[in-house]
Amino acid sequence: MQAMQGALSETPQAGDLEKTLMKAQHITPPIALTVAGSDSGGGAGIQADLRAFMTFRVHGCSALTCVTAQNTCGVTRVDPIPPEGLEAQLRAVQSDLAVAAVKTGMLLNSRLIQTTAELLGGWNIPRVIDPVMVSRTGAVLLEDDAISSLRRDLLPLATLLTPNRHEARLLSGRELSDDSDTEQAAAVIHAQGPAAVLIKSGSEPTQGGRDLLFDGEPHWLDGSWVETPHSHGTGCTLSAAITAGLARGQKLEPAIEAARAYVKQGLRQALAIGQGQGPICHWAASEKTVAES
């Protein structure tokens, strides 16, 4: 009986219980959506996009287009998601969440491109299109019959198109030997429908980290070259960081500037993991981004 009374006396009273409860603070962050492939190695694709969104304090949603088997040494298998599965993901997000900006990454084939374009076409929000046709090392990442679909269906929807130099060559049909060639290539791509084109310097140190933004006029964005073999995921991260800035209400040029700084910081402390090309370090970039925000 005494033991039972002791146990009863330890039960919190109503007043004490109220003191231990904490009321949640609800926040409504900006929301961004990535439509891209999964990288099993964790360095690029959906995985990199969501890390970048989180760093910029944006809630990230995703629609998976394909599943890749890859690591730091390369890609060994790619399995596309059925178009119906991609459509279901996009409609699920679109019907419930107030997405403020969207980016696309690896779309792989014409059916996935067309499905994406059909749904994004009715969405009046900023759209960052990373064409993901050729990797920074020159590996082809898009099926041959998909290039015409990309040009026809997706490029006209782009608020910003972010090709690397390999992709700019394919889309423009021009060599990018010097600044003049690059500007002409950007003009050719711009005429295909994107509101703006950002040609990235990519893995070419001769460019010194300079990128070209073309919105009807050329704007060269100065940069610095970071010497490292570990740069996997830079393209995905850049386009995702730009998308996050646009979701937060930034204008295009400030969003690009912040995204370029974020990627540069991630390259300065890149991850030397695996036996091949490691990815950029998001938490190194995150510390600097959060400190400056």
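The structure under discussion appears in the preceding block.
Numbering of residues starts from 1 in each chain and follows the order in which that chain's sequence is written. Local features in this predicted model are restricted to residues whose pLDDT is 70 or higher, and side-chain atom pairs enter the listing and the counts only when it is 80 or higher, whereas totals over whole chains, interfaces and linings include all residues. Note that the side-chain values use all heavy atoms of the structure and ignore hydrogens as well as water.

1. Notes on the side chain of Ser38
In step 1: To qualify as a helix, a DSSP run of H or I must reach at least 4 residues; to qualify as a strand, a run of E must reach at least 2; elements of each kind are numbered from the N terminus. The topology assignment puts Ser38 in strand E1 (residues 31-39).
In step 2: Setting aside its immediate chain neighbours within four residues, Ser38 contacts Ile46, Gln47, Leu64, Cys66, Val67, Thr68 and Gln70. Contacts between residues were defined by any pair of non-hydrogen atoms, one from each residue, lying within 4.5 Å.

2. Some points on the packing of helix H4 (residues 83-96) against helix H5 (residues 110-120)
Each pair of packed helices gets described by two things: the angle between the helix axes and the distance between those axes.
In step 1: Remark: H4 packs on H5, axes separated minimally by 9 Å, with the N-to-C direction vectors making an angle of 20 degrees. When the axes of H4 and H5 are compared, the pair comes out roughly parallel. Our pair here, H4 against H5, has a crossing hand that is right-handed. Of the residues in H5, those touching H4 at Pro83, Glu84, Leu86, Glu87, Leu90, Arg91 and Gln94 are Arg111, Leu112, Thr115, Thr116 and Leu119.
In step 2: Under the scheme applied here, ten amino acids are nonpolar (Ala, Val, Leu, Ile, Met, Phe, Trp, Tyr, Cys and Pro), four are charged (Asp, Glu, Lys and Arg), and all others, including Gly, are polar. Class assignment for the residues of the contact of H4 with H5 results in five nonpolar, three polar and four charged. Working convention: axes come from line fits to C-alpha atoms, limited for helices to the stretch in contact. Angles between N-to-C directions cover 0 to 180 degrees. The cut-offs work like this: below 35 degrees is roughly parallel, past 145 is roughly antiparallel, 65 to 115 is roughly perpendicular, and the gaps in between are oblique. Handedness of a crossing follows from how the near helix is turned relative to the far one, being left-handed for an anticlockwise turn of less than a right angle and right-handed for a clockwise one.

3. Let's talk about the pattern of salt bridges
When their charged atoms lie close together, side chains carrying opposite charge are able to pair.
In step 1: By definition, a salt bridge exists where a carboxyl oxygen of Asp or Glu is found within 4 Å of a side-chain nitrogen of Lys or Arg. As enumerated under the stated definition, the model contains 10 salt bridges in all.
In step 2: Between Asp49 and Lys103 there is a salt bridge, and its shortest N-O distance comes to 3.0 Å. Note that Asp49 is positioned in helix H3 (residues 45-55) and Lys103 in strand E4 (residues 101-104), a separation of 54 residues in sequence.
In step 3: Overall, Asp49 belongs to the buried group, its relative accessible area being 0%.
In step 4: Notably, a salt bridge pairs Arg210 with Asp222, separated by 3.9 Å at the nearest N-O pair. Of the two residues, Arg210 sits in the loop between strand E7 (197-199) and strand E8 (211-214) while Asp222 sits in the loop between strand E9 (218-221) and helix H9 (234-247), which places them 12 residues apart along the sequence.
In step 5: Whether a residue is buried, partly exposed or exposed follows from its accessible area with a 1.4 Å probe, protein chains only, as a fraction of its type maximum: under 20%, in between, or over 50%, in that order. On the accessibility criterion, Arg210 (23% relative accessible area) is partly exposed.
In step 6: Linked through salt bridges whose partners overlap, the residues forming this network are Asp179, Arg210 and Asp222.

4. Notes on the pairing of E9
In step 1: By the convention used here, strands pair only if DSSP detects at least 2 bridges between them. Where E8 and E9 come together, four bridges link them in antiparallel fashion. Each bridged residue has a counterpart across the sheet, and for Phe214 the counterpart in E9 is Pro218.
In step 2: Between E8 and E9, which pair antiparallel one after the other, the connecting turn spans three residues, and Gly216 there sits at a positive phi close to 115 degrees.

5. Quick notes on the side chain of Asp211
In step 1: Along the polypeptide, Asp211 turns up in strand E8.
In step 2: You can call Asp211 buried: its relative accessible area is 6%.
In step 3: Here Ser201 takes part through its backbone nitrogen, which lies 2.8 Å from a polar atom of the side chain of Asp211.
In step 4: Sequence-distant contacts of Asp211, that is, excluding residues within four places in its chain, are made with Leu198, Ile199, Lys200, Ser201, His219, Trp220, Leu221 and Arg260. Pairs of N or O atoms within 3.5 Å make up the polar contacts considered here, provided that, within protein, one atom can donate a hydrogen while the other can accept it, and that residues adjacent in sequence are counted only when both atoms are side-chain atoms.

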